[in-house]
Amino acid sequence: MTAHSPRPHVMALLFDTDFNRPADSLVYRHLEGRLFTEEEHSLLRDATTEEFKAVGIHVDDPEVDVEAAVREMVDLLIKYAVDHHEALVPFMTHEDLMEYDRLGFTIGANADRYAPRED
């Protein structure tokens, strides 16, 4: 088994963990309310990011470039927003629709000034 493979005993513990607790609490409980033993706390501290993710727990990754992710999300959404403008209209306020149209006109009128991005 590789070091990155989820370990069955750790996965079983994670699936039986009540993660609904105060964020600053270091006390963990089983789903039925029983407190973790010291051995179970040790297993939890030793759990890998992959094991937490495998049970659906969101794990903050300090290596993630958030700014790059935001740019990628904007690029992704722009593809749909431009091609499917009519689908957005029912969800927009009148003010947002006016702003959308203004920005679209501004971008369209100046499109020749900007070369396509190559990442």
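Whatever comes next refers back to the structure up there.
Described below are features of the structure shown in this document. In this text, all values refer to a predicted model and were calculated from it rather than measured experimentally. (Residues numbered from 1 in each chain as written. Predicted model: local features only at pLDDT ≥ 70, side-chain atom pairs only at ≥ 80, totals over all residues. Heavy atoms only, no water.)

A look at the side chain of R7
Inference 1: As for its placement among the helices and strands, R7 is situated in the segment before α1 (8-15).
Inference 2: Within the structure, R7 has its side chain in polar contact with the side chain of D46 (distance 2.9 Å).
Inference 3: A polar atom in the side chain of R7 sits 2.8 Å from the side chain of E51. (Helix = DSSP H or I, 4+ residues; strand = E, 2+ residues; numbered from the N terminus. Polar contact = N/O pair within 3.5 Å; in protein donor to acceptor, adjacent residues only side chain to side chain.)

Quick notes on the nonpolar core
Inference 1: Counting residues in each nonpolar core, the largest one holds 10 residues, listed as V10, M11, L13, L14, Y28, F36, L44, A47, F52 and V55.
Inference 2: When residues of this core are assigned to their parent elements, the largest contribution, 4 residues, is made by α1.
Inference 3: Apart from the residues lying within four places of it in its own chain, the contact partners of F36 are L13, T17, Y28, R29, H30, H41 and L44. (Core = buried A, V, L, I, M, F, W, Y, C linked by side-chain atoms within 4.5 Å. Buried < 20%, exposed > 50% of the residue type's maximum accessible area, 1.4 Å probe, protein only. Contact = heavy atoms within 4.5 Å.)

Considering a nonpolar patch on the surface
Inference 1: A cluster of nonpolar side chains, contributed by V64, V66, V70, V74, I78 and V82, occupies part of the molecular surface with about 510 Å² of accessible area.
Inference 2: Along the polypeptide, V82 turns up in helix α4 (residues 66-83).
Inference 3: For V82, a relative accessible area of 56% gives the class exposed. (Patch = residues over 30% accessible without salt bridge, like charges linked within 9 Å, V, L, I, M, F, W, Y side chains within 5 Å. Areas by Shrake-Rupley, 256 points an atom, 1.4 Å probe, with all protein chains shown as cover. Salt bridge = Lys/Arg side-chain N within 4 Å of Asp/Glu carboxyl O.)

Focus: the packing of aromatic side chains
Inference 1: One pass over the full model with this rule turns up 3 aromatic pairs.
Inference 2: Aromatic pair F19 and Y28: ring centres 6.2 Å apart, planes at 75°, arrangement edge-to-face.
Inference 3: Owing to a relative accessible area of 25%, F19 belongs among the partly exposed residues under this scheme.
Inference 4: Overall, Y28 belongs to the buried group, its relative accessible area being 15%.
Inference 5: Following the ring pairs from residue to residue traces out a cluster consisting of F19, Y28, F36 and F52. (Phe/Tyr/Trp six-rings, centres within 6.5 Å; stacked < 30°, edge-to-face > 60°.)

Re α1
Inference 1: Every buried residue of α1 is accounted for by V10, M11, L13 and L14. Taken around the axis of α1, the buried residues stretch over an arc of 160°, which confines them to a single face. Exposed and oriented more than 90 degrees from the buried face of α1 are P8 and F15.
Inference 2: Looking at the buried positions of α1, the neighbouring elements they touch are β1 (17-18), β2 (29-30), α2 (38-46) and α3 (49-54). (Arc of directions from axis to C-beta.)

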